[in-house]
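Here is how the chains run, residue by residue.
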Amino acid sequence: MISWRAIAAATLFAAAPALLAGEIPPDARRSGYVFMGPDTRAMQDDDTSNPGMLFVLDGEQLWAKKTGSADRACADCHGDARSSMKGVAARYPAFDKALGRPVTLDQRINLCRANHQQATPLPYESRDLLALSAFIAHQSRGTAITAGDDPQAKPFVEQGRALYMQREGQLNLACTNCHDDNFDKRLAGAPITQAQPTGYPLYRLEWQTLGSLERRLRSCMTGVRAQAYDYGSPELVALELYLMSRARGLPMETPAVRP
Amino acid sequence: MVASLAFALPGRADERPPYKIVGDGIPASLTGSPGDAARGRALMLARTTTCILCHSGPFPETRFQGDLAPDLTGTGNRWSVSQLRLRLVDASRFNPDTIMPSYYRNDGLVRVGRNFAGKPILSAAEIEDIVAFLATLRD
């Protein structure tokens, strides 16, 4: 006899988005935070010792600063970021209808500069761009990630997934080989995490500065001796989108701290 | 299965001499002479050689060892020199899905970084040194 419970379970199962082979089920997804030692966790948890907070404070000033030939500040259009930017970063990269492709938060900031402030774009990894994106993403701290839910983003999520599964470089390794098949293990003594993009931009002790998710992806590519994709390239945006969709439901942590 | 196969390889012969697979190994030295086990040990410990990113072994002097792959202690009891040589040249012949890189391969890879394009990870001489060292690893 089939109980109603079994039917309910079967319905639930059918309704949940199907997991693809090798993917980490939602209840097993863990932020890089969980893999760190107590000292690094404490540094992230305490805003007064988290070095990323200095960038957030810089970003708050930039938010209110008039710039470009339009002489307008972000705040002139968006008001108080605490309400207007709450949850926004948890949806990025987001599909841009005018461009017909997803854009990252960094790219959105530069689109606003170009279109609404008549200002020059901020270079990738520049202090001002990192500060603004840290400030904006900080408004989503604790918000569950939903990036990639937009049906129009789906083909780009798929493109990112294919790149994630693709072996590359002289060492011939794919992201999935380390981050799906071998998290919890150690690469030359360093813990391998699930590559969850929850904390970006984040402060990396090894970098001694804040860095973007793209910077991290490029260093993993260089690590396998592959030619890293350029900042802002469609491939990096697709990978970023796939990683965010793969982290669905995890809370944002920006600015995180990592070893 | 591992087939008997001879490879005619492009490139400068002194950099990457061809090899011949016999059964499940490569019986002949890639350089024509035996490797140096002491040099092989030093190479294994060098980060750029990449072995101990994944493996651990009898290397008490370093904490930086991986655990993605079997510990190499006792390797010389488990594998012949011929098998070890093929393992380093092309581990995918033992396991097509292995994550262990093919150290002598120099083509057919995706997006290899500019500095590495067209080159194997290790030279014939480096592989011979490491094989010589691995063969000494007996319990």
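Here is what the cut-offs are and how they apply
Residues numbered from 1 in each chain as written. Chains lettered and ligands numbered in written order. Predicted model: local features only at pLDDT ≥ 70, side-chain atom pairs only at ≥ 80, totals over all residues. Heavy atoms only, no water. Core = buried A, V, L, I, M, F, W, Y, C linked by side-chain atoms within 4.5 Å. Buried < 20%, exposed > 50% of the residue type's maximum accessible area, 1.4 Å probe, protein only. Helix = DSSP H or I, 4+ residues; strand = E, 2+ residues; numbered from the N terminus. Contact = heavy atoms within 4.5 Å. pLDDT = per-residue confidence, 0-100. Axes fitted to C-alpha atoms, helices over the stretch in contact; angles between N-to-C directions. Parallel < 35°, antiparallel > 145°, perpendicular 65-115°, else oblique. Nonpolar A, V, L, I, M, F, W, Y, C, P; charged D, E, K, R; others polar. Buried area = accessible area lost by both parts, 1.4 Å probe. Salt bridge = Lys/Arg side-chain N within 4 Å of Asp/Glu carboxyl O. Polar contact = N/O pair within 3.5 Å; in protein donor to acceptor, adjacent residues only side chain to side chain. Expected span 1.5 Å × (residues − 1). Pairing = 2+ DSSP bridges.

Draft legend 1. Focus on the nonpolar core. With 49 residues, the main nonpolar core has B:M44, B:L88, B:I127 and B:L134 as its most contacted residues. For this core, the secondary structure elements donating two or more residues are α8 (154–165), α10 (213–223) and α11 (234–246) of chain A together with α1 (37–45), α2 (51–54), α4 (81–89) and α5 (124–135) of chain B. Broken down by element, the residue count for this core peaks at six residues, all from α5(B). Setting aside chain neighbours within four positions, we find B:L88 in contact with B:M100, B:P101, B:S102, B:Y103, B:Y104, B:I127, B:I130, B:V131 and B:L134.

Draft legend 2. Spatial organisation of the confidence of the model for chain B. Residues and elements named next belong to chain B. Predicted confidence across chain B gives a mean pLDDT of 91, with 89% of residues reaching 70 or more. Taken as a whole, residues 1–14 scores under 50 in pLDDT and shows 24 contacts with residues more than four places along the chain or in a different chain. Here the complex is predicted with pTM 0.92, and the ipTM for its interfaces comes to 0.92.

Draft legend 3. Up close: the packing of α1(B) against α5(B). Residue and element names in this part refer to chain B. At a minimum axis distance of 7 Å, the contact between α1 and α5 shows a crossing angle of 100°. Here α5 runs roughly perpendicular to α1, going by the angle between their axes. Residues A37, R39, G40, R41, L43 and M44 of α1 touch α5, and the partners they reach there are E126, D129, I130, A132, F133 and L134. Taken together, the residues that form the contact of α1 with α5 break down as seven nonpolar, one polar and four charged.

Draft legend 4. Structural context of the interface of chain A and chain B. Listed per partner, the contact involves 21 residues of chain A and 27 residues of chain B. Together, the buried faces of chain A and chain B total about 2,100 Å²; carbon and sulfur atoms form 55% of this surface. It is A:Q170, A:R225 and A:Q227 that lose the most area in chain A upon contact with chain B, and together they represent 34% of the buried surface on that side. At the surface where chain A touches chain B, the tally comes to zero salt bridges. Between chain A and chain B we count 13 residue pairs in polar contact (both at pLDDT 80 or more) in total. By residue class, the composition of the side of chain A that touches chain B is eight nonpolar, eight polar and five charged.

Draft legend 5. Broad picture of α11(A). Residues and elements named next belong to chain A. Here α11 contains 13 residues, and its C-alpha end-to-end distance of 18 Å stays within 8% of the 18 Å for a straight helix at 1.5 Å per residue. Most of α11 sits out of view: 11 of its 13 residues are buried. Every buried residue of α11 is listed here: L236, V237, A238, L239, E240, L241, Y242, L243, M244, S245 and R246. In this structure, the buried side of α11 is in contact with β2 (101–103), α6 (105–117), α8, α9 (175–179) and α10.

Draft legend 6. Spatial organisation of the environment of A:P25. Residues and elements named next belong to chain A. Looking at where P25 falls in the secondary structure, it is placed in the loop between α1 (4–15) and α2 (38–45). Taking the relative accessible area as the measure of exposure, P25 reaches 33% and is therefore partly exposed. Sequence-wise, P25 and A247 are 222 residues apart; in three dimensions their C-alpha atoms are separated by 9.9 Å.

Draft legend 7. Main features of unusual backbone geometry. The linkage connecting A:Y92 with the following residue, A:P93, adopts the cis geometry, with an omega of -5°. A cis amide bond links A:Y200 with the next residue in sequence, A:P201, at an omega value of -10°. Within the secondary structure layout, A:P201 lies in the loop between β4 (190–191) and β5 (202–204). One non-glycine residue, A:D184, lies in the positive phi region at around 80°. Among the structural elements, A:D184 can be located in the loop between α9 and β3 (186–187). Located in the positive-phi region is B:R111, a residue other than glycine, with phi close to 50°. Residue position: B:R111 is located in the loop between α4 and α5. On the basis of relative accessible area, B:R111 is assigned to the partly exposed category, the value being 30%.

Draft legend 8. View of the sheet that holds β5(A). Residue and element names in this part refer to chain A. Pairing is mixed across the open sheet formed by three strands, whose spatial order is β6-β5-β7. With partners counted over all chains shown, the strands left at the sheet margins are β6 (209–211) and β7 (257–258), one partner each. As judged from the two bridges shared by β5 and β7, these two strands associate in the parallel manner. By the bridge assignment, R204 is partnered in β7 with R258.

Draft legend 9. Region of interest: the pattern of salt bridges. Counting across every chain of the model gives 17 salt bridges over all chains. Here A:D58 and A:R127 are joined by a salt bridge, their closest N and O atoms 2.8 Å apart. Of the two residues, A:D58 is situated in helix α3 (residues 52–63) and A:R127 in helix α7 (residues 127–138); the sequence distance between them amounts to 69 residues. Residue classification places A:D58 among the partly exposed residues on the basis of a relative accessible area of 28%. A residue is classified by how much of its surface remains accessible, and A:R127, at 42% relative accessible area, is partly exposed. For B:R39, the salt bridge identified is with B:D129, shortest N-O distance 2.9 Å. Of this pair, B:R39 sits in helix α1 while B:D129 sits in helix α5, and the two are 90 residues apart along the sequence. Judged by its relative accessible area of 6%, B:D129 falls in the buried class. Connected through shared salt-bridge partners, A:E60, A:D80 and A:R82 make up one network.

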